[in-house]
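# Understanding the architecture of this molecule
Residue-level listing of the chains:
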Amino acid sequence: MYTLILLAGGKGTRMKNAVPKQFLLLAGKPIIMHTLERVEKIEEIEEIIITCGEEYISLIEEYRKSYMLNKKIIYAKAGKTRQESVYNGLKKVKTDNVIIHEAARPFVNKSEFKRLIECKEKNVIFTYPIQFTVLKIKDDKVNELLDRNELANIQLPHKFETKTLLEAHEKAREEKREFTEDSSLLYYYTKIDIKTIMGSQYNLKITESLDLIIGEIMYKENLIRKDE
Amino acid sequence: MKTCVITGATSGIGKATAIELSKLNDYDRIVILGRKKEELEQTQKLMDISKKISYKILDLTELKKIPNIVKEIIKENETIDCLINVAGYTEPAPLLTTSIENLKTTYDVNVFAPIILMREVVRYMKDNKDGGKILNVASTAGMTPRPGWLSYASSKAAIISASDTLSHELEEYNIRVYCVSPGRCATALRKKLAPDEDPTTIMQPQEVSSIICSLISNNEQCLDGQNIVIRKKI
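An account of the accompanying structure is given in this report. Predicted, not measured: the structure shown is a model, and the values here were computed from it. (Residues numbered from 1 in each chain as written. Chains lettered and ligands numbered in written order. Predicted model: local features only at pLDDT ≥ 70, side-chain atom pairs only at ≥ 80, totals over all residues. Heavy atoms only, no water.)

## Quick notes on the overall build of chain A
Tallying secondary structure elements over chain A gives seven helices and 11 strands in all. Relative to the compact-globule value of 17 Å for 228 residues, chain A shows a C-alpha radius of gyration of 18 Å, a close match. Expressed as lengths along the three principal axes of its C-alpha atoms, the size of chain A is roughly 55 × 40 × 35 Å. Within the span of chain A, comprising 228 residues, buried residues form 50% of the whole. Contacts in chain A between residues far apart in sequence, at least 24 positions, make up 74% of those at least 6 positions apart. Taken as a whole, chain A presents about 12200 Å² of accessible surface, with 50% of it coming from carbon and sulfur. (Helix = DSSP H or I, 4+ residues; strand = E, 2+ residues; numbered from the N terminus. Rg over C-alpha atoms; globule rule 2.2 N^0.38 Å. Buried < 20%, exposed > 50% of the residue type's maximum accessible area, 1.4 Å probe, protein only. Contact = heavy atoms within 4.5 Å. Areas by Shrake-Rupley, 256 points an atom, 1.4 Å probe, with all protein chains shown as cover.)

Structure follows, in C-alpha cells:
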C-alpha cells in the first residue's frame with residue numbers, strides 16, 4: 001500500500017497571480033482537484049498527505065466535500081523549499097512505500113499512476129527523452145558537450161521506499177544540501193537503483209501563465225474520457 | 001438498471017415526457033418531481049407500470065431541500081443516469097412592473113433549481129461507469145428579445161448558457177448535457193404568456209416530449225452541447 005504526498009505549497013510567484021496555481025481553474029476545475037479526483041479510485045493509495053500553507057486547508061476541505069471525495073487526507077506544513085515540504089510529508093507517512101507528486105501536474109492520468117504502482121521495483125520515476133540539445137556552460141562559454149541520449153527530463157509522480165528516502169532526506173538536512181527533486185537526493189546519498197519508466201509529453205507542470213493556455217487544449221485532447 | 005429523474009412532471013411537457021419515457025426501454029426507473037402529490041399520482045397512473053415509477057414532492061423555490069431529495073433518490077435507486085429539468089415558471093411583465101418576487105420565483109424555478117439539481121445529481125453521476133445525460137428545457141424566448149417577458153426570457157437565456165458551459169465542464173465525466181428550446185407549445189405556461197392564442201394551432205407537449213425522449217435515449221450520442229430549437233413550421 002502507498003501514501004501519496006501531494007505537494008501543494010507553491011505560491012505561484014512565477015505566474016504573478018494572487019491565487020497559487022494549484023487553485024486556478026483548468027477545464028473549469030481547480031488544478032489540485034484533478035489529481036485528487038483521479039487518485040480517489042486508486043485502491044493502492046490508502047492515504048494522501050497534502051503539503052500546503054495552513055491558510056488553504058479549509059479551501060481544500062471545501063472542495064473535497066463538493067466533489068464527494070472521501071479518501072483519508074492529512075496535512076503537512078509546506079516548507080520554505082520543495083525539499084522541506086517533502087520532508088515534512090515523509091515524517092507523517094506510515095506505509096512502507098510512498099508516491100510523491102506535484103499538485104501542479106494535473107495531466108497524469110489514472111493508468112499512469114497504476115503503471116508506477118505496478119512496477120515491481122520499489123524506487124521508480126517517470127522520465128521523458130530530451131528533444132533539444134543540452135550543453136554545459138561556464139563563464140558564458142560552452143564548457144562540455146552532453147549526449148542527449150544519455151539525458152532525461154524527470155517527471156512526477158515518483159515512488160520510493162519510505163524509510164530509504166526519509167533517511168536520505170535526513171542526511172541532506174544535516175549537510176544543508178539542497179536538491180531540486182527527490183530522485184536526485186536519493187541517488188546522491190544511496191546510489192540505489194532507481195528505475196526509470198517512460199513518461200508522457202502531456203505531463204506538463206503548470207508553472208507559467210502560458211502553461212494554463214496550453215494546458216486547456218492538451219487536457220481536452222489527451223485526458224477527456226481517456227482516463228481509464 | 002438506469003434511473004431518470006424528471007421535474008415538472010405534473011403537467012405539460014414534463015408530464016408528456018414522463019409518460020412517453022415510461023413506455024420506452026432506456027430507463028427502468030423513473031422518478032418524477034412536482035409540487036402536488038395528487039398531480040404526481042395522476043401522472044404516475046398514466047405511466048407504464050412495467051417500470052419502477054416513484055415520485056418526490058418538491059417545490060423548486062425551496063432550493064435548500066434539493067440536496068436531501070437527491071440523496072433520497074440515490075438511496076432508493078442506487079444511481080441517477082439522467083436528469084431532465086422541465087419545470088418552468090413565468091409571470092410576464094415589462095420592466096417597470098417586474099417585482100422582486102417575480103424575479104425571485106422565476107429565477108428560482110427556471111435557473112437556480114435546475115443548476116442546484118444538476119450540481120447535486122452530478123456529485124453522484126460523475127462516478128457512473130457510463131456517465132449520464134442531463135437535458136434542460138429552455139425556450140426560444142431565451143434566444144431573442146421578448147418585450148414584456150423580461151424575467152422569463154432572461155431566465156431561459158441563463159439556462160441556455162448554463163447548459164452550454166456544463167456540456168464542456170462535465171465532458172470529462174462522460175456526462176452529456178442537452179438543451180432544447182421549444183417554440184410555442186400548448187402548455188399552461190404558454191397560456192400565461194399568450195392568453196389569446198388558440199392552443200390547438202401550436203405544438204403539443206407530446207411533440208416536444210418525443211424529441212426529448214430521443215435525445216436521452218441510449219442511442220443518441222451526437223447532439224449534446226447544442227441548443228436545439230424545437231419548432232413546428234407547418
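Picking up after the structure, the text goes on.
## Topic: the sheet that holds strand S3 (residues 52-57) of chain B
Strands in a sheet are paired, the pairing made by backbone hydrogen bonds, and the direction either parallel or antiparallel. All names here are of chain B. Strand order in the open sheet made by the seven strands is S3-S2-S1-S4-S5-S6-S7, with parallel pairing throughout. Single-partner strands in this sheet number two, and they are S3 and strand S7 (227-230). Pairwise comparison of adjacent strand axes, ignoring direction, gives a mean angle of 20 degrees for this sheet. Here three bridges tie strand S1 (residues 3-6) to strand S4 (residues 82-85), and the two strands are oriented parallel to one another. In the sheet register, Cys 4 faces S4, and the bridge partner there is Cys 82. In this fold helix H3 (residues 66-77) packs onto S1, strand S2 (29-34) and S3, with an angle of close to 160 degrees to the strand it touches most, S3. Its contacts with the sheet place helix H5 (residues 150-169) against strand S5 (132-137), strand S6 (175-182) and S7, and it is angled at close to 155 degrees to S6. (Pairing = 2+ DSSP bridges. Axes fitted to C-alpha atoms, helices over the stretch in contact; angles between N-to-C directions.)

## Details of the pattern of salt bridges
Residue and element names in this part refer to chain B. A complete count under the given rule lists 25 salt bridges over all chains for this structure. Residue Lys 37 is joined to Glu 41 by a salt bridge in which the shortest nitrogen-to-oxygen separation is 3.3 Å. Residue Lys 37 and its partner Glu 41 are located together in helix H2 (residues 37-46), separated by four residues, close to a single helical turn. Here Lys 37 falls in the partly exposed class, since its relative accessible area comes to 38%. Note on Glu 41: relative accessible area 27%, which makes it partly exposed. The closest approach of N and O atoms between Arg 176 and Asp 224, which form a salt bridge, is 3.8 Å. Within this pair, whereas Arg 176 is found in strand S6, its partner Asp 224 is found in the loop between helix H7 (205-215) and S7, the two being separated by 48 residues in sequence. (Salt bridge = Lys/Arg side-chain N within 4 Å of Asp/Glu carboxyl O.)

## Regarding a nonpolar patch on the surface
Residue and element names in this part refer to chain A. Taken together, Leu 135, Ile 137, Val 142 and Leu 145 make up a surface patch of nonpolar side chains, about 430 Å² in accessible area. For the nonpolar patch, the secondary-structure elements that each account for two or more residues are strand S8 (135-138) and strand S9 (141-145). Note on placement: Val 142 falls in strand S9. (Patch = residues over 30% accessible without salt bridge, like charges linked within 9 Å, V, L, I, M, F, W, Y side chains within 5 Å.)

## A short note on the interface of chain A and chain B
Listed per partner, the contact involves 15 residues of chain A and 10 residues of chain B. Across the chain A-chain B interface, the total number found is three salt bridges. Ionic pairing is found between A:Glu37 and B:Lys126, a salt bridge with its closest N-O pair at 2.7 Å. On inspection of chain A and its partner chain B, the count reaches eight residue pairs in polar contact (both at pLDDT 80 or more). If you list the elements that add at least two residues to the side of chain A that touches chain B, you get helix H1 (31-39), helix H2 (57-66) and helix H7 (209-223) of chain A. For the side of chain A that touches chain B, the residue count by class is six nonpolar, three polar and six charged. (Polar contact = N/O pair within 3.5 Å; in protein donor to acceptor, adjacent residues only side chain to side chain. Nonpolar A, V, L, I, M, F, W, Y, C, P; charged D, E, K, R; others polar.)

## Notes on the nonpolar core
Among the nonpolar cores identified, the biggest contains 62 residues, and A:Ile32, A:Leu36, A:Ile45, A:Ile48, A:Ile50 and B:Ile134 are the most heavily contacted of them. Looking at this core element by element, the count peaks at eight residues for helix H4 (residues 100-125) of chain B. Ignoring sequence-local partners within four residues, the contact set of A:Ile48 consists of A:Leu4, A:Leu6, A:Leu36, A:Val39, A:Lys71, A:Lys72, A:Ile73 and A:Ile74. Membership of the second largest hydrophobic core comes to 29 residues, among which are B:Ala18, B:Leu21, B:Met203 and B:Ile216. (Core = buried A, V, L, I, M, F, W, Y, C linked by side-chain atoms within 4.5 Å.)

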